[in-house]
Every structure is written in C-alpha cells, then in structure tokens.
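Listed below, chain by chain, are the residues.
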Amino acid sequence: MMDFVAGEVVFFNKPLDWTSFDLVNKFRYKLSRKLRVKKIKVGHAGTLDPKATGVMILCTGRATRRIEEFQGQTKEYIATLKLGATTPSFDLEKEIDAIYPTEHITREMVEDALCKFVGCIEQVPPAFSACNVDGKRAYELARRGEDVPLKAKVLTIDELELMDCLLPVVKIRVVCSKGTYIRALARDIGQALDSGAHLIALERTRVGDVTLDKCLNPEDIDSFLNEVTPEAHET
C-alpha cells in the first residue's frame, strides 16, 4: 500500500491539451476523495506545455521535497517541427504569423544544422513561457502584446538525432538538461536553416530513469488508487 500523505511519487503520461495543473488538480481531487481528506499536497516536477504530451512526475506529501531533484534530471523528447512557418508561441497554441521559404532546404542541411546545437549552448526562452520578468510571468506580458525582454540561458543538449525528414516536416529526438525549451530549439533550428519553424508535436519520453512505459494515464487514476490505497473509514 502507498502512503500519499507521508509522501509518494507517481508517474503520468500527460494528455494533449491538458495543462500541467489540470493533471495535478485531477489527481489531487481523486486522491483527496479516495482518502477522505480535505487537503493533500500534490506538486509536479517540471511543466509540460498544453500542446505537449508525455512523462510528468507528481509528488505528494513530504515527497514534494524531491521536486527539485526530479527537475534537475536529464529529459528526453521526441519533437516534430514544421519548417517554413512560425507562430508567436513556437507551437500550435498560436496561429501562424509568418511564412518562410523552404525550397532550399535539404536533409543534409538539416543534419548540419542540428549538429550546431549539440553541447553547451545559449538559448533565449520563448516569450510565451513561465519565465519571471520583473515579478510577472513572461506569458502574461506576451498575451497582453507587451515586449518581453528575456536573457539567454546556458543549457546542455546531450543528443540531437534526426529521426525522420519528410520536408518541410522534421522529427527529432532531443536529450537535454533542465531549462531547455524545445519550442525555442525549433525556432533556432528554423533560423539556422534560413527559414522558420514551429513545433507541431512534442512528447517527453523520459525524465531521468522514468520512461513512458512506467506512466499512468489519467483515466486509470481510479483503478490505480483502488489498488494501492487502503479503504478509508469514517471516524
């Protein structure tokens, strides 16, 4: 049996169009009802954008102290980019705002461009992100149409593999450090190819040793809790 009040760690596969907080709130609600408690601490170890799916680690109770530990672990993603167009959010959350040529791009050019981003690099985060700007979230300013001055951050990309190349669509596998924005990487790859790019799909396939095959789907929360939690009794 699992003791969620004392602290447990649960792995989820976040669905498309759910926010990270949607998943936390869903699990917290079902968990508190199952345990018959009014409040229980639940947090996640690393945000996923609404248009992204994949591994999310949730911590409960005193295990929320481990959030920073999980956030610092290496991440792996499968990203699908569409070359030749950009959006303000660098993914499908916003409409296309500019079109660029792609006729000059070859598979060899894509492979050469990817090599430039392996290792220690500097990356400017997206304006539509949770970065802190003078006490406000960057996305709050961006959604109001304000300029968002964000500084480049140093991060590490350990592996960058071209998985598929059906131009103008490119699929890549990325192994990277904490703080990497795959949307910003898509933007930068587009620029390196003298074009534009945005994400049309993103899946986080690994956090540390946690892979998708170890993750629960939200629709399985009830059956999972029934298996691992003793029946609560009224007092």
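Okay, so let's go over this structure. (Residues numbered from 1 in each chain as written. Predicted model: local features only at pLDDT ≥ 70, side-chain atom pairs only at ≥ 80, totals over all residues. Heavy atoms only, no water.)

Scanning the chain for helices and strands turns up six helices and 13 strands. Taking the contacts inside the chain whose residues are at least 6 apart along the sequence as the reference set, 71% of them involve residues at least 24 apart. For the chain, the separation between the mean place of its 33 positive charges and that of its 36 negative charges on side chains is 8 Å. (Helix = DSSP H or I, 4+ residues; strand = E, 2+ residues; numbered from the N terminus. Contact = heavy atoms within 4.5 Å. Lys, Arg positive; Asp, Glu negative; His and termini not counted. Charge placed at Lys NZ, Arg CZ, Asp CG, Glu CD.)

This model, assessed by the stated rule, comprises nine salt bridges. Arg66 is the salt-bridge partner of Glu69, the closest N and O atoms lying 3.0 Å from each other. Between Arg173 and Glu161 there is a salt bridge, with the nearest N and O atoms lying 2.7 Å from each other. Remark: Glu161 occurs in strand 10 (residues 153-166) and Arg173 occurs in strand 11 (residues 169-176); sequence separation between them is twelve residues. According to the relative accessible area criterion, Arg173 is buried, its value standing at 17%. Judged by relative accessible area, Glu161 falls into the partly exposed class, the value being 36%. A single network of salt bridges, built from pairs that share partners, joins Glu76, Glu159, Glu161 and Arg173. (Salt bridge = Lys/Arg side-chain N within 4 Å of Asp/Glu carboxyl O. Buried < 20%, exposed > 50% of the residue type's maximum accessible area, 1.4 Å probe, protein only.)

This part takes up unusual backbone geometry. Note the cis peptide between Leu167 and Pro168, where omega equals 10 degrees. Relative to the assigned elements, Pro168 resides in the loop between strand 10 and strand 11. Look at Asp17: it is not a glycine, yet its phi comes out positive at around 75 degrees. Mapped onto the elements of the fold, Asp17 is located in the loop between strand 1 (9-14) and helix 1 (20-35). Although it is not a glycine, Phe90 sits at a positive phi angle of roughly 65 degrees. Of note, Phe90 is situated in the loop between strand 5 (85-86) and strand 6 (98-99).

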